[in-house]
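Fold and contact review
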Amino acid sequence: MPRFAVGDRVRVHKQFPPTPPSHIRTPYYIRGLSGTVERICGAFKNPEELAFGRPGTPEVPLYRVRFRQKDVWPDYDGNEADKIEIEIFEFWLDAAGDGA
Amino acid sequence: MSGNHHDRHHHGHDHDHLHPYDPEHHHPHRPDQDDTMTYYRLMEEAVRELMIEKGLVTPDDIRAEVEAMDARVPANGAKVVARAWTDPDFKKRLIETPKEAIAEAGHDIGPMKLVVLENTPEVHNVVVCTLCSCYPRWILGIPPDWYKSRSYRSRVVREPRAVLKEFGTEIAGDREVRVHDSTADMRYFVLPMRPAGTDGMSEEDLAALVHRDAMIGVTEVSGAR
């Protein structure tokens, strides 16, 4: 059961790869930032486990999260409305209040 | 450039590049590149040979799979786009249930989870995979080299408008640019806007206007020439 719903505000963990290095699908540039759940993609085997030959179960919910470019790149000079959307697994997300 | 090239090779006699072998006649050669046995190439060969030896696959299975991959070309996607432009119900299905809609159009997208992104007068979509080179191969075939380049992957998320401009695509300042980073299990396909001046064109003629880059979102489709 997905923890978040479409429209929820979420914040990506600000976390660096543990040692030894891991296999992570959350790009560095988006960590620590807040966005809005755009859609729930379904549940998938955890790639961070699969990468090490482990079964990756139980499957984890995957979301597409929408961020304002202005929040991602402080010097962004395009339209205020420009966005970036990224797939992020649930265990990388926390709930974020409005205006977070 | 071509003048210099010609001069360097002109030795006072008439010849083209199909002349017979002459050991006295030296052209600068580009080195052959088929002898670079890299680590991953060696690993691929070793694993492939082992799988054949153990009877898990046959060389014929591998050939058939390579041919199936090669048969996936951007023209498949172009046909889907043209159909969406001419059939509003199909377009709705394409956005809501892409796998089923594309199957209806005659293409199997296999296990691929596809998201169809519709370009509108308000929003322009562009696709990237910053972590590697995820691409909707099942519908568009092999990705172009630039899509896999570090430069495209790192820049299009940060300065999409500048990158689009380098592809000759200028997005109006009041139109939203939406970048889609394909980081996990979904693949993305851009449904470009139907160009003006194409009313009454057949689905087939429309499909001929649609090109690969427009379905990645770095270009738009222009009208009939």
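Everything numeric here is computed off the predicted structure, so don't read it as measured data. (Residues numbered from 1 in each chain as written. Chains lettered and ligands numbered in written order. Predicted model: local features only at pLDDT ≥ 70, side-chain atom pairs only at ≥ 80, totals over all residues. Heavy atoms only, no water.)

**Comments concerning the confidence of the model for chain B**
Residue and element names in this part refer to chain B. Here chain B averages 88 in pLDDT, and 85% of its residues register 70 or above. Here residues 1-15 is a poorly scored stretch, pLDDT under 50, and it has 8 contacts once near neighbours within four places are set aside; other chains count. Scoring of the predicted complex yields 0.84 for pTM and 0.93 for ipTM. (pLDDT = per-residue confidence, 0-100. Contact = heavy atoms within 4.5 Å.)

**Concerning the interface of chain A and chain B**
Taken together, the 24 residues of chain A in the interface contact 24 residues of chain B. Interface area for chain A against chain B, summed over the two sides, is near 2,000 Å², with a carbon-plus-sulfur share of 49%. Viewed at the interface, chain B and chain A are joined by 3 salt bridges. D75 of chain A is the partner of R158 of chain B in a salt bridge, and the nearest nitrogen-oxygen pair spans 3.3 Å. Listing elements by their share of the side of chain A that touches chain B, those giving two or more residues are β2 (34-44), β3 (60-68) and β4 (83-89) of chain A. (Buried area = accessible area lost by both parts, 1.4 Å probe. Salt bridge = Lys/Arg side-chain N within 4 Å of Asp/Glu carboxyl O. Helix = DSSP H or I, 4+ residues; strand = E, 2+ residues; numbered from the N terminus.)

**Concerning the side chain of N125 of chain B**
Residues and elements named next belong to chain B. Along the chain, N125 turns up in strand β2 (residues 123-128). Among the polar contacts made by the side chain of N125, one reaches the main-chain carbonyl oxygen of E118 at a distance of 3.2 Å. Dropping the residues within four chain positions of it, N125 is found in contact with L117, E118, N119, R178, H180, V190, I216 and G217. (Polar contact = N/O pair within 3.5 Å; in protein donor to acceptor, adjacent residues only side chain to side chain.)

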